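# Close look at the chain arrangement
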Amino acid sequence: MKIEFSHSTIGYSSALFTIDNLVLETGKTYALMGKNGCGKTTLLQTLLGDQKLLNGEIKLNRKALHDLSSKDKTKSFSFVPSKFNGVQHLTVKDLIALGRAPFTNILGKLAKQDNQRVDEILKLLNLEKLQNKSTHLISDGERQKAMIGKALAQESATLILDEPTAFLDYSNRLKTIELLNKLAKEENKLVLFSTHNVDLAFEFCDFILAIDNEGKFDSYHPKTTQKEVFIKKVY
């Protein structure tokens, strides 16, 4: 999977920023950063097809984003919101199984291979002991991990997450970003998530995408970027 931006103007009725030239690839983790209101969520919504691109082009594997069918988008993107409070009587296993919806029949019945994939994800995320627990009764960190499991069950090439650590304590923030980095490498996913956790982004991400104080978009490599200079420029 490759996502290619070419003079891509992001915004609503007016432009927020433009991404002149950028390529995102599978196997890598990208943190999206910037002050609240700068357009991070708008960029994610544009990729998901919920917001129109104002100008320029975004391509997925050389195919224009706006030409993708709903089925293609489902195969290309899985989305994890910043907060899920859980649902009474919806177990962790059932939540993850919801991610198999694109592969089930009209009745939504899971086939043998669907159940096998759900079991694999439970093991991968170390959620086996919680699989029969209600999502309403587990911790915020466990719920966020289960939501990531649901996204994995969808088997899309790209995981998009909107501030996945916003409501977590430091320990669970660390575990979540470590997990995302692991999934990018071991499951060959393209992982893009918005965050304000500068320290963790610099430690675990391959690249940091940011909208600075002047509304300009740029890409930064954590190993060659001074953190203090980055913070001053972006925040």
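For the structure, check the block above.
Residues numbered from 1 in each chain as written. Predicted model: local features only at pLDDT ≥ 70, side-chain atom pairs only at ≥ 80, totals over all residues. Heavy atoms only, no water.

Reading across from one edge, E6-E7-E8-E3-E9-E10 is the order of the 6 strands in this open sheet, with mixed pairing throughout. Strands at the two margins of the open sheet, each flanked by one partner only, are strand E6 (77–80) and strand E10 (217–220). Between one strand axis and the next, the sheet turns by 20° as a mean value, whatever way the strands run. One ladder, built from 4 bridges, connects strand E7 (residues 158–161) with strand E8 (residues 190–194); its direction is parallel. The residue of E8 that forms the bridge with threonine 158 is leucine 190. Sitting on the sheet, helix H5 (residues 140–153) is in contact with E6 and E7, with an inclination near 165° to E6. (Pairing = 2+ DSSP bridges. Helix = DSSP H or I, 4+ residues; strand = E, 2+ residues; numbered from the N terminus. Axes fitted to C-alpha atoms, helices over the stretch in contact; angles between N-to-C directions. Contact = heavy atoms within 4.5 Å.)

Moving on, we get to the pairing of strand E3 (residues 29–33). Burial runs high along E3: 5 of the 5 residues are buried. Sheet analysis places E3 next to E8, joined by 4 bridges and oriented parallel. Within E8, the position partnered with alanine 31 by the bridge is phenylalanine 193. Pairing geometry for E3 and strand E9 (residues 207–211), over 4 bridges, is parallel. Note on E9: the bridge partner recorded for leucine 32 is leucine 209. (Buried < 20%, exposed > 50% of the residue type's maximum accessible area, 1.4 Å probe, protein only.)

Moving on: the pattern of salt bridges. Under the defined criterion, the tally for this structure stands at 14 salt bridges. Residue arginine 117 is joined to glutamate 187 by a salt bridge in which the shortest nitrogen-to-oxygen separation is 3.4 Å. Pair noted here: arginine 117 is in helix H4 (residues 112–124) and glutamate 187 is in the loop between helix H6 (170–186) and E8, with a separation of 70 residues, a long-range link. Linking lysine 227 and aspartate 199 is a salt bridge whose minimum nitrogen-to-oxygen distance equals 3.1 Å. Taken together, the residues lysine 227 in helix H8 (residues 227–234) and aspartate 199 in helix H7 (residues 198–204) connect sequence positions 28 residues apart. Lysine 227 gets classed as partly exposed once you look at its relative accessible area, which sits at 28%. On the accessibility criterion, aspartate 199 (48% relative accessible area) is partly exposed. One salt-bridge network, in which partners are shared between bridges, spans Arg100, Asp114, Arg117, Glu120, Glu155 and Glu187. (Salt bridge = Lys/Arg side-chain N within 4 Å of Asp/Glu carboxyl O.)

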